[in-house]
Every structure is written in C-alpha cells, then in structure tokens.
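Here are the chains, one letter per residue:
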Amino acid sequence: MRKTTLVAAAGAALVLTLTACSGNSATGTAEPAAASEQSQPAGLASPFTDAIKLASEAKQGTEKSKSVKFSMEGSAAGQTITATGAMAFDGANTKFSMSSTAAGQTTEMRMVDKVMYIKLPAEEQKQMGTDKSWAKISADGTDPLSQALGGALSQSAEQSDPSKMLEQISKTGRIISSDQTELNGQKVNHYKVELDVAKALDQFTDQVPAAARDQLTEKLKGKDLKLPAELWLDKDNLPLQMTMDQGPMMQAMGAPAGDAKFTMKYSDWGTQVDVAAPPADQVVDLGELMKKAGR
C-alpha cells in the first residue's frame, strides 16, 4: 500500500481525535471571562462566562441529537487535509463515514464496531495482490500496524463527539473572551478559548503508540504550551464550528515549524446516520496483507 493512502486515513482520523480533545484526562481549573455587553439577539441566550457550564449545556444538546454531518479542513507540516462525512456518536460505539483528502489522494473510510475500514484504489489492490476493495485496521489487532494505529483510530471515533472538546475546556482550559455574532446568517455565541497542554498531558499523548509515548511525554513535560481555539454555538448550544491551532504542540514534539490549524464545521444535528461495514467478502486485514506483501 502506498504511504499516501495510510496517511490520508490515519491523518484525518487523528485530526478528528485531536480536534475533539477527550475529556478523560487530568482536571484543572477553568477560568471564566466576562461576557460581551452587546445586545442579545432574539432567541439567543447570553454567552456563558463559566467554562464548566458551557460544556455541560453543550453536552446535553449533543447527547440529545446523537448525530451530525461534518466537514474538516486544516494543514500541518505543509500538508493539507480535508474531509467530509457524518457520525453517530455513542461513546465506544460511535460510528462514522468519511471521505478525506491528504497528500493529494482521496480516501474513503468507515468506522463501525471499533474497526476502521479503508477503501483501496484499484491500483493499490493490484500492487498488494488482492481483489478485495476494503482493508481493515482493528483496535484490538495483534499485528504491528494495528497496534500502532488501531487504538488511535478507535479513539478518534469515541472522541469525535464535539462536546468532548468543550468538556476538555472545562477541565484544562479557560474562556478568554466571548461575543455574539452571525455565522452563515445564523445568530451564534462565539467563544475564544485556550487549552493548557500541561494540564492534559496524558490526553495529548495517549493516541500514539506506546513505544513513542514516553519520548513525547518527555518533550512536552514542563513546557508552558497553550493551544488557542474558537467555538461557535447556536441557540441550542450545539457547536456549528470549531477551530484549533495545534502548532505550538506539534513544534514541541519535534515537527517542522509551520501552521497546524484545523477547522471543523457541523450541520444537520439529529440527522439519521447509517454506517455499515463493507461486505465481508470484500474486506482484507491490512496488517496481514502488508505482512504477506513483505512491507
């Protein structure tokens, strides 16, 4: 398999993970900021000044909706990643379908029952010596590839619930400022926030293979890293857009200097999302396939 296909799959899935920011890490103190004094648009409540309340209300909305369509765009280390898809989130049982483009190559992915399925282009099927059109990476796989990527890909599903980022803010970040504005013609509450990496160090390293975790932890430990982010929430406190700049963290981890900014856009909350695993006779285990091919 060409590296670009794997980069597209893993890269887009991990961006979902990092942009969502799981709330299962160490706790911290959320620092409130003063709300905007501008007039309140009809039907839109005043912005929250307390990050914990913000996260709580947004989580209630997303849990009630249970599904959403999304698009993503961003860049890291000079490479652009874009994606569109839909997800139905239910903790570890979260599922999604996504089409992503990275390194100039488009890849179709599905996550169902903790298994990531990646569609193989015809050229790669031929190169890998298989007539199967889908390859899978399992979260509990024992081959080196599954062990390296399976856990992170699985976590990307559970953590892609956008309320996770808000939960993380309530524990490890703070609201810098808030105002009321319009986004695509819709009245929204807009928040500028930042995450303190030192308060969530475990979360920022638990998506990588165990062999590299200690090294990354050592690189990040003791550094005063703040990740700026912005949120746009509608009158029901449902996220419509989120942005995050991961550049400071990526550079601290040894990546080349440059932008690492990502934007997630959400729409059609509560839309029916049906994601099914590809037919079993069209699926091959990616780890076994690469082992067979001597790669």
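The structure presented is a predicted model; accordingly, all values stated were derived computationally and were not measured. (Residues numbered from 1 in each chain as written. Predicted model: local features only at pLDDT ≥ 70, side-chain atom pairs only at ≥ 80, totals over all residues. Heavy atoms only, no water.)

**Focus on the overall build of the protein chain**
Reasoning step 1: Scanning the protein chain from terminus to terminus reveals 9 helices and 12 strands.
Reasoning step 2: Counting every position in the protein chain, which comprises 295 residues, the buried fraction comes to 51%.
Reasoning step 3: When the accessible surface of the protein chain is totalled, it reaches about 13,400 Å², and 47% of it is carbon and sulfur. (Helix = DSSP H or I, 4+ residues; strand = E, 2+ residues; numbered from the N terminus. Buried < 20%, exposed > 50% of the residue type's maximum accessible area, 1.4 Å probe, protein only. Areas by Shrake-Rupley, 256 points an atom, 1.4 Å probe, with all protein chains shown as cover.)

**Section: the pairing of strand E9 (residues 226–233)**
Reasoning step 1: Here strand E8 (residues 186–196) runs beside E9; their pairing, made up of 8 bridges, is antiparallel. Opposite histidine 190, over in E9, you have tryptophan 232 as the bridge partner.
Reasoning step 2: When E9 meets strand E10 (residues 239–245), the two strands line up antiparallel, connected through 5 bridges. Following the sheet pairing, tryptophan 232 is matched in E10 by glutamine 241.
Reasoning step 3: In textbook terms, the turn of a hairpin is the stretch between consecutive antiparallel strands, and for E9 and E10 this stretch comprises 5 residues, one of which, asparagine 237, has a positive phi near 60 degrees. (Pairing = 2+ DSSP bridges.)

**Remarks on unusual backbone geometry**
Reasoning step 1: Although it is not a glycine, lysine 66 sits at a positive phi angle of roughly 70 degrees.
Reasoning step 2: Relative to the elements of secondary structure, lysine 66 occurs in the loop between helix H2 (51–65) and strand E1 (67–76).
Reasoning step 3: A positive phi angle, near 55 degrees, is found at asparagine 184, a position not held by glycine.
Reasoning step 4: Here asparagine 184 shows up in the loop between strand E7 (173–183) and E8.
Reasoning step 5: Judged by relative accessible area, which is 74%, asparagine 184 ranks as exposed.

**Topic: the pairing of E7**
Reasoning step 1: Examined bridge by bridge, E7 and E8 share 10 bridges and lie antiparallel to one another. Bridge assignment links isoleucine 175 to a residue of E8, and that residue is valine 193.
Reasoning step 2: If you look at the hairpin formed by E7 and E8, you'll find 2 residues sitting between the two strands, and asparagine 184 has a positive phi there, around 55 degrees.

**Overview of the confidence of the model for the protein chain**
Reasoning step 1: For the protein chain, per-residue confidence averages 74 on the pLDDT scale, and residues scoring 70 or more make up 67% of the total.
Reasoning step 2: The secondary-structure element of the protein chain with the lowest mean pLDDT is helix H1 (residues 3–20), recorded at 47, while E7 shows the highest, at 92.
Reasoning step 3: When the criterion is pLDDT under 50, residues 17–39 qualifies, and its contacts beyond four places in sequence or with other chains add up to 74 contacts. (pLDDT = per-residue confidence, 0-100. Contact = heavy atoms within 4.5 Å.)

**Focus: the nonpolar core**
Reasoning step 1: Counting 51 residues, the largest nonpolar core has Leu54, Leu166, Ile169, Tyr191, Leu231, Tyr266 and Trp269 as the members making the most contacts within it.
Reasoning step 2: The leading source of residues in this core is E9, at 5 residues.
Reasoning step 3: Not counting residues within four places of it along the chain, the set of residues in contact with tyrosine 191 comprises Pro47, Phe48, Leu54, Ile175, Ser177, Ser178, Ala229, Glu230 and Leu231.
Reasoning step 4: Formed by 9 residues, the second largest nonpolar core is a distinct cluster that contains Ala86, Ala88, Val115 and Val273. (Core = buried A, V, L, I, M, F, W, Y, C linked by side-chain atoms within 4.5 Å.)

**Re the pattern of salt bridges**
Reasoning step 1: Per the stated rule, a full pass over the model turns up 7 salt bridges.
Reasoning step 2: Note that glutamate 194 is salt-bridged to arginine 174, the shortest N-O span being 3.0 Å. Here arginine 174 lies in strand E7 and glutamate 194 lies in strand E8, a separation of 20 residues in the sequence.
Reasoning step 3: Of the residues examined, glutamate 194 reaches a relative accessible area of 17% and is grouped as buried.
Reasoning step 4: A salt bridge links glutamate 182 to lysine 187; the shortest N-O distance between them is 2.9 Å.
Reasoning step 5: Relative accessible area serves as the criterion here: at 39%, lysine 187 is assigned to the partly exposed category. (Salt bridge = Lys/Arg side-chain N within 4 Å of Asp/Glu carboxyl O.)

**Considering the side chain of aspartate 196**
Reasoning step 1: Looking at where aspartate 196 falls in the secondary structure, it is placed in strand E8.
Reasoning step 2: Taking the relative accessible area as the measure of exposure, aspartate 196 reaches 13% and is therefore buried.

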